[in-house]
Amino acid sequence: MAEDKKTLEDLKEVTVAAPAEVAVEEAVPAEPKIDEQGRAYATGRRKDAVARVWIKPGNGTITVNGRDQETYFARPTLRMIVNQAFEVTQREGQYDVICTVTGGGLSGQAGAVRHGLSRALTNYEPALRGVLKASGFLTRDARVVERKKYGKAKARRSFQFSKR
């Protein structure tokens with residue numbers, strides 16, 4: 001049994017030949033997901049709220065459950081949360097938004113609309129995904145209310161201790 005000894009020059013020939021054979025795949029840009037009416041759809045969630053969001057090119061009107069955004073989200077902070085996705089992507093006034101929201105309170109619903117709006121924007125314009133992801137708008141906020149435990153006043157709060 002003769003041992004086959006390889007030198008470093010032999011290995012260099014092997015490593016130089018390998019990359020030429022491997023085909024390099026180029027990244028294919030994602031295609032927009034638009035329905036027959038020219039709208040993009042996405043679902044957003046936050047706490048117990050679920051928002052179904054449709055966007056289409058328009059003049060910037062936002063309709064929530066059949067009502068205008070200003071009447072549904074009366075507080076300016078909630079309206080600011082909803083509009084954050086447009087501000088980050090610099091698309092204010094370019095899309096009409098129609099959404100239906102169920103469950104939760106107004107704060108959770110505003111977060112759900114923002115999440116759904118961000119996802120719908122990425123479906124309509126896939127190039128915006130990087131900006132929205134860096135801002136954290138595509139991540140579903142998984143924090144929910146902790147349940148109440150027996151023997152406790154709330155989730156963690158104990159009843160007041162009485163010495164006598």
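Everything here concerns the structure above.
Residues numbered from 1 in each chain as written. Predicted model: local features only at pLDDT ≥ 70, side-chain atom pairs only at ≥ 80, totals over all residues. Heavy atoms only, no water.

Undergrad: Sorry if this is basic, but what is going on with the sheet that holds strand S1 (residues 40-46) here?
TA: Strand pairing within a sheet occurs via backbone hydrogen bonds; the two strands may be parallel or antiparallel. Spatially, five strands are ordered S1-S2-S5-S3-S4 in an open sheet, and the strand pairing comes out mixed. Of all the strands in the sheet, just S1 and strand S4 (67-68) have a single pairing partner and so form its edges. Taken strand by strand, helix H4 (residues 106-124) contacts S1, strand S2 (49-57) and strand S5 (95-102), and its axis lies near 150 degrees from that of S1. (Pairing = 2+ DSSP bridges. Helix = DSSP H or I, 4+ residues; strand = E, 2+ residues; numbered from the N terminus. Contact = heavy atoms within 4.5 Å. Axes fitted to C-alpha atoms, helices over the stretch in contact; angles between N-to-C directions.)

Undergrad: Explanation requested: the environment of Lys56 in the structure shown.
TA: As for its placement among the helices and strands, Lys56 is situated in strand S2. Once residues lying within four places of it in the same chain are set aside, the contact partners of Lys56 are Gly38, Arg39, Gln94, Tyr95, Asp96 and Ile98.

Undergrad: Can you help me understand unusual backbone geometry in this one?
TA: The bulk of non-glycine residues show a negative phi, and the bulk of peptide bonds are trans. Look at Asn65: it is not a glycine, yet its phi comes out positive at around 50 degrees. Using a relative accessible area of 32% as the deciding quantity, one classes Asn65 as partly exposed. Here Gln90, not a glycine, exhibits a phi torsion of approximately 60 degrees, which is positive. Counting through the fold element by element, Gln90 comes out in the loop between helix H3 (76-89) and S5. (Buried < 20%, exposed > 50% of the residue type's maximum accessible area, 1.4 Å probe, protein only.)

Undergrad: How should the pairing of S1 be read in this particular structure?
TA: Strand residues, when the strand is regular, have side chains that alternate between the two faces of the sheet. Among the seven residues that make up S1, five are buried, leaving the element largely enclosed by the rest of the structure. Of the pairings in the sheet, the one linking S1 to S2 comprises seven bridges and is antiparallel in character. What sits directly across from Tyr41, in S2, is Trp54. In textbook terms, the turn of a hairpin is the stretch between consecutive antiparallel strands, and for S1 and S2 this stretch comprises two residues, one of which, Lys47, has a positive phi near 55 degrees.

Undergrad: Please explain the pattern of salt bridges as it appears in this structure.
TA: Note on pairing: side chains with opposite charge can pair once their charged atoms come close. According to the stated counting rule, one finds six salt bridges in the structure shown. Salt-bridge contacts for Asp141 lead to Arg46; the nearest nitrogen and oxygen are separated by 3.5 Å. Of this pair, Asp141 sits in the segment after helix H5 (129-135) while Arg46 sits in strand S1; the two residues are 95 residues apart in sequence, bridging distant segments of the chain. Note on Asp141: relative accessible area 23%, which makes it partly exposed. A salt bridge links Glu146 to Lys149; the shortest N-O distance between them is 2.5 Å. Glu146 gets classed as partly exposed once you look at its relative accessible area, which sits at 38%. (Salt bridge = Lys/Arg side-chain N within 4 Å of Asp/Glu carboxyl O.)

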